[in-house]
Amino acid sequence: VMAGRRAYAPVMHAELGLREFTARKLHTDPRAEAVSHADLYAGLQATVGILAALLQRDRTGVGQHIDVSMAEVMLQATEWTAVELAGGPGDQLHVFGSFNAPVLRLADGTVVHVPGDPVSSFPAWCVAMQRADLLDDARFRTRESRHANRAAMLGLFQEFASTFTTFPDFEAALAKGGLAAGAMQPIAKAEEDTWARE
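Bear in mind the structure is a predicted one, so any value in this text is a computation, not a measurement. (Residues numbered from 1 in each chain as written. Predicted model: local features only at pLDDT ≥ 70, side-chain atom pairs only at ≥ 80, totals over all residues. Heavy atoms only, no water.)

1. Structural notes on a nonpolar patch on the surface
Together, Ile-50, Leu-51, Leu-54, Ile-66 and Val-68 give the surface a local cluster of nonpolar side chains, amounting to about 390 Å² of exposed area. Along the chain, the position of Leu-51 falls in helix 3 (residues 37-60). Using a relative accessible area of 53% as the deciding quantity, one classes Leu-51 as exposed. (Patch = residues over 30% accessible without salt bridge, like charges linked within 9 Å, V, L, I, M, F, W, Y side chains within 5 Å. Areas by Shrake-Rupley, 256 points an atom, 1.4 Å probe, with all protein chains shown as cover. Salt bridge = Lys/Arg side-chain N within 4 Å of Asp/Glu carboxyl O. Helix = DSSP H or I, 4+ residues; strand = E, 2+ residues; numbered from the N terminus. Buried < 20%, exposed > 50% of the residue type's maximum accessible area, 1.4 Å probe, protein only.)

Structural data, given as structure tokens:
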């Protein structure tokens, strides 16, 4: 039955849980994905299969049949599949995942994304902000208290980010705590970047 259905990325995003998971984790209504993940991942897996078949042919002289399922690829490519199929996080304090990564705005309007959940990386943030005193604050002393006071914690990060007028200065400050950051920009700007030209 499934093999006879039309397969498009938005269908796979809906039926393999990507849209539901994203809406649940970001606390939003379900919406379309901006990138055709299922199409891209299926193409990549087909490429891996083709390369493996060519290697097999070179070694044995026997060809292979390549069969790529968009549904199977989406289950394989989604890093949360195993957790969700095992019943989800249950009663555990569930504070990891890119959906918890801070998105902040600098004083010049630059939007920045800092990977990782600050519940875990809070001590590194304290180093970057030069605020060791916050480690003794009851709201932020433990992972559980940081999770419970996430809004206040993110407010502190936003206040800190608002003191920077350039992304390089903000990135340098975060680097003192071993944290990484990326400045949001349109895809088309990549061609202007030195690394891309080189």
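2. Focus: the environment of Leu-40
Among the structural elements, Leu-40 can be located in helix 3. The partly exposed category is assigned to Leu-40, whose relative accessible area is 48%. The spacing of Leu-40 and Glu-84 is 44 residues in sequence and 22 Å in space, taken between C-alpha atoms.

3. Observations concerning unusual backbone geometry
A positive phi is found at His-27, a non-glycine position, where the angle reads about 55°. With relative accessibility at 73%, the residue His-27 sits in the exposed group. The phi dihedral of Gln-130 is positive, around 55°, even though this residue is not glycine. Here Gln-130 shows up in the loop between helix 6 (118-129) and helix 7 (143-148). Gln-130 sits in the exposed class, given a relative accessible area of 63%.

4. Digging into the packing of helix 6 against helix 8 (residues 150-161)
As a packed pair, helix 6 and helix 8 sit with axes 12 Å apart at the nearest point and diverge in direction by 30°. For the element pair helix 6 / helix 8, the angle class is roughly parallel. Read as a crossing pair, helix 6 and helix 8 show a hand that is left-handed. Here Pro-118, Val-119, Phe-122, Trp-125, Ala-128 and Met-129 of helix 6 lie close against helix 8, whose contacting residues are Arg-150, Met-153, Leu-154, Leu-156, Phe-157 and Phe-160. (Axes fitted to C-alpha atoms, helices over the stretch in contact; angles between N-to-C directions. Parallel < 35°, antiparallel > 145°, perpendicular 65-115°, else oblique. Left-handed = near helix turned anticlockwise from the far one by under 90°. Contact = heavy atoms within 4.5 Å.)

5. Re helix 4 (residues 70-77)
Burial in helix 4 covers these residues: Met-70, Val-73 and Met-74. Looking straight down helix 4, one finds that the buried residues subtend no more than 100° of arc, so they occupy a single side. Seen from the buried face of helix 4, the exposed residues on the opposite side, beyond 90 degrees, are Glu-72 and Gln-76. (Arc of directions from axis to C-beta.)

6. Details of the pattern of salt bridges
Using the criterion set out here, one finds eight salt bridges in the structure. Arg-139 is paired through a salt bridge with Asp-137; the nearest N and O atoms lie 2.7 Å apart. Accessibility expressed as a relative area gives 36% for Arg-139, which makes it partly exposed. Beyond isolated ion pairs, a larger network of salt bridges with shared partners links Glu-20, Arg-24 and Glu-84.

7. Regarding the sheet that holds strand 2 (residues 111-113)
Strands pair in a sheet through their backbones, by hydrogen bonds, and they do so in one of two ways: parallel or antiparallel. Spatially, the three strands line up as an open sheet ordered 1-2-3, and their pairing is antiparallel. Every interior strand has two partners, whereas the edge strands, strand 1 (103-105) and strand 3 (182-183), have only one. The pairing of strand 1 with strand 2 spans three bridges and is classified as antiparallel. Residue pairing across strands places Leu-104 opposite Val-112, the latter belonging to strand 2. (Pairing = 2+ DSSP bridges.)

8. A few points about helix 8
Its 12 residues place the ends of helix 8 16 Å apart at the C-alpha level, agreeing with the 16 Å of an ideal helix rising 1.5 Å per residue. Among all positions of helix 8, only Arg-150, Met-153, Leu-156, Phe-157, Phe-160 and Ala-161 are buried. Projection of helix 8 onto a plane perpendicular to its axis shows the buried side chains occupying an angular sector of 140°, all on one side. Away from the buried face of helix 8 by more than 90 degrees, exposed residues Ala-151 and Glu-159 are located. (Expected span 1.5 Å × (residues − 1).)

9. Concerning the packing of helix 3 against helix 4
Relative orientation of the contacting elements helix 3 and helix 4 amounts to 95°, with a least axis distance of 9 Å. Of the possible angle classes, the one that applies to helix 3 and helix 4 is roughly perpendicular. Mapping the contact onto sequence places His-37, Ala-38, Asp-39, Tyr-41, Ala-42 and Gln-45 in helix 3 and Met-70, Val-73, Met-74, Gln-76 and Ala-77 in helix 4. When its residues are assigned to classes, the contact of helix 3 with helix 4 shows seven nonpolar, three polar and one charged. (Nonpolar A, V, L, I, M, F, W, Y, C, P; charged D, E, K, R; others polar.)

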